[in-house]
Each structure stands twice: as structure tokens, then as C-alpha cells.
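# Descriptive analysis of the structure
Each chain is listed here by its residues.
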Amino acid sequence: MADAAWEPGEALRGLAELDDDRAARRGYPEAVYCEGKTPEQVAAIAAEVARLGLRTLFTRAAPAHAKAVLASLPDAHYAEGARLLAWPPEPPAAEGGRVLVVTAGTSDLPVAEEALLTARHLGREGDLVADVGVAGLHRILGRLAQLRAARVIVVVAGMDGALPSVVAGLVSAPVVAVPTSVGYGAAFEGLAPLLTMLNSCAPGVAVVNIDNGYGAGHMAAQIAAPV
């Protein structure tokens, strides 16, 4: 466990307390959710990460947040589309099973990339298959060998959210379903696909929150952990 005498750096007092024991306790790195924080607050957190040498993911990072992080961690990897920064920039050596991330459409890619990068930085091999939604079932059926080689599959979809059920009916691996806020009015910013996924008739589908690529990637990494 963490040293009871540890105290946050002066810049973090009254602001945040990093979970410096998470890797030892859970086997996975700290994560900082940037949305809702000011760039100055994120900068102070990043400075503390640098001081501690703490492997960390920064999620939902806008360009201003990224600039703040890079000031203290200049070699951090920033994936602008996924709104994610990782430090150190290189993932740990991969072990365990393979994570496959699948999107229904190209518009789902930012959430899918967040899931993929999260899984990789948690120590799993990962691949991405994009734009294979149910409007053209031949596309997902053409990927059966790749689907069946995965230890766990993250399926990211907006609109009607039907793809996770289709995938789960084709494979023995568990499926982590991620509803996205992609779609026209009656998609209700992701609520419609969320309800579809929760009501999947295919067993073996677990559902995370709307647009929660980080949560899906983390869950997939845990499922695919070495035995």
C-alpha cells in the first residue's frame, strides 16, 4: 500500500489527491478526467504526475488541457481525436489476450480510439476495425476470423446501437458495448443505443456509459488480463 506519510505537492493542496497506489493495488494506472477541470488545474496535476513519475492517462482532454499537460510532460502521447494523453508515451509490454475494438460507423471513431488506446496502455494488444455497422451486414460477416481471434471485443455504435448484439451472436468472446452520442434527434444523444444494448437478446454483452471509451477499454483490458 502507499506510504501513509505521502502528501500531495503544494500545488495540489485543496485541489486533487492522486491515487499513487492504484497500480500496486489494482494493477492499472491512474487516470485523470480533464473535462470540467480548468487547464490550470490539469497543469498542476500533470506537474505532480511528473514529480511522482506516475504512469497516468489523461482522458477527455481538450487542446487547452493537452497544452497544460505537455508543459510538464513534454513527451506525453496526445491522441487529439480520442482526447487522451498517455504518460509515459509508450504502452507497457503487451501480455494477456487480444482486444478488438469495432465501430459501427466512422463517426464512432473518437470513442473507439479512446477505448483502444486505453487497452493498449493497460498492457493489452489491440486492433481496430472501423465502419462495419448493420446497414451492410456483409462488412462484419467478412471479419469473422478476426472477431473470433479476439479475447474480448469492444463494439462502439450510435444510431440504433444494434451492432453489439450482432457481434455477440457470432463469437464466443465477451462483448463490451459502448453507446455513442452519434445520431439524429430520436437517438437522444446516445440514450437510444444505450437502451438497445441493455436490452440485447444475445448473452455475453456488458454495457458501459454513453461515449465512455475509457471505461470500455479498461474493462476489456481486465477481461483479457493474463491468467
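Scroll up a little and you will see the structure.
Keep in mind it's a predicted model, so treat the numbers as computed, not measured.

### Some remarks on the sheet that holds strand 3 (residues 77–79)
- Sheet architecture is open: 4 strands sit in the order 1-2-4-3, paired in mixed fashion. Each edge of the open sheet carries a strand with a single partner, namely strand 1 (30–33) and strand 3. Taken over all neighbouring pairs, the strand axes of this sheet differ in orientation by 15 degrees on average, direction set aside.
- Two strands pair when backbone bridges link them, and strand 2 (residues 56–59) and strand 4 (residues 84–87) are joined in this way by 3 bridges, in the antiparallel orientation. Within strand 4, the position partnered with phenylalanine 58 by the bridge is leucine 85.
- In the packing of helix 2 (residues 39–52) onto the sheet, the strands contacted are strand 1, strand 2 and strand 4, and the crossing angle to strand 2 comes to about 165 degrees.

### A short note on a nonpolar patch on the surface
- Together, Phe188, Leu191, Leu195 and Leu198 make up a nonpolar patch on the protein surface, roughly 410 Å² of accessible area in all.
- The residue phenylalanine 188 is located in the loop between strand 8 (175–179) and helix 8 (191–198) in this model.
- A residue is classified by how much of its surface remains accessible, and phenylalanine 188, at 57% relative accessible area, is exposed.

### Describing the environment of cysteine 34
- Among the secondary structure elements, cysteine 34 is positioned in the loop between strand 1 and helix 2.
- The exposure class of cysteine 34 is buried, given its relative accessible area of 0%.
- Those residues in contact with cysteine 34, other than ones at most four positions away along the chain, are Val42, Phe58, Thr59, Arg60, Ala61 and His65.

### Re the nonpolar core
- Ranked by size, the top nonpolar core spans 20 residues in total, and within it Val102, Leu147, Ile153, Leu163, Val167 and Val175 carry the most contacts.
- Membership of the second largest hydrophobic core comes to 18 residues, among which are Ala44, Ala46, Phe58 and Leu73.

### Describing the pairing of strand 4
- The alternating pattern of strand 4 places Leu84 and Ala86 on one face and Leu85 and Trp87 on the opposite face, and all of these are buried.
- Relative to strand 4, strand 3 runs antiparallel, the two sharing 3 bridges. Its bridge partner being in strand 4, histidine 77 is matched across the sheet by alanine 86.
- Joining the antiparallel neighbours strand 3 and strand 4 is a turn of 4 residues, in which arginine 83 adopts a positive phi near 55 degrees.

### A short note on the pairing of strand 7 (residues 152–157)
- When you tally the buried positions in strand 7, you get 6 out of 6 residues, the bulk of the element.
- Residues Val152, Val154 and Val156 point to one face of strand 7 and Ile153, Val155 and Ala157 to the other, with burial holding for every one of them.
- With 5 bridges joining them, strand 5 (residues 99–103) and strand 7 adopt parallel strand pairing. Residue pairing in the sheet places valine 102 in a bridge with valine 155 of strand 7.
- Pairing of strand 7 with strand 8, which is carried by 5 bridges, proceeds in the parallel orientation. From the neighbouring strand, valine 156 faces strand 8, where its bridge partner is valine 178.
- The parallel pair strand 7 and strand 8, bridged by helix 7 (residues 163–168), forms a crossover whose chirality is right-handed.

What counts, and where the lines are drawn
All residue numbers refer to positions counted from 1 along the written sequence of the respective chain. Predicted model: local features are reported for residues with pLDDT of at least 70 only, side-chain atom pairs are reported and counted for 80 or more only, and whole-chain, interface and lining totals are derived from all residues. Computation of side-chain values covers all heavy atoms of the structure but excludes hydrogens and water. When DSSP finds at least two bridges between two strands, those strands are taken to pair. Only DSSP runs of H or I with at least four residues qualify as helices, and only runs of E with at least two residues qualify as strands; both kinds are numbered from the N terminus onward. To get an axis, fit a line to the C-alpha atoms, keeping to the stretch in contact for a helix; angles then go from 0 to 180 degrees between the N-to-C directions. Note on contacts: a residue pair is in contact if any heavy atoms of the two residues lie within 4.5 Å. Each patch groups residues whose relative accessible area exceeds 30% and which form no salt bridge, using 9 Å between like charges and 5 Å between nonpolar side chains of Val, Leu, Ile, Met, Phe, Trp and Tyr. Here the accessible surface of atoms and residues is derived via Shrake-Rupley with a 1.4 Å probe, and residues count as covered only by protein chains that are part of the display. Each reported salt bridge corresponds to a side-chain nitrogen of Lys or Arg within 4 Å of a carboxyl oxygen of Asp or Glu. Each residue is assigned to one of three classes by its accessible area relative to the maximum for its type, calculated with a 1.4 Å probe on protein chains only: buried under 20%, partly exposed between the two thresholds, exposed over 50%. Side-chain atoms within 4.5 Å are what join buried Ala, Val, Leu, Ile, Met, Phe, Trp, Tyr and Cys residues into a set we call a nonpolar core. A clockwise path from the first strand over the helix to the second, with the strands pointing away from the viewer, defines a right-handed crossover.

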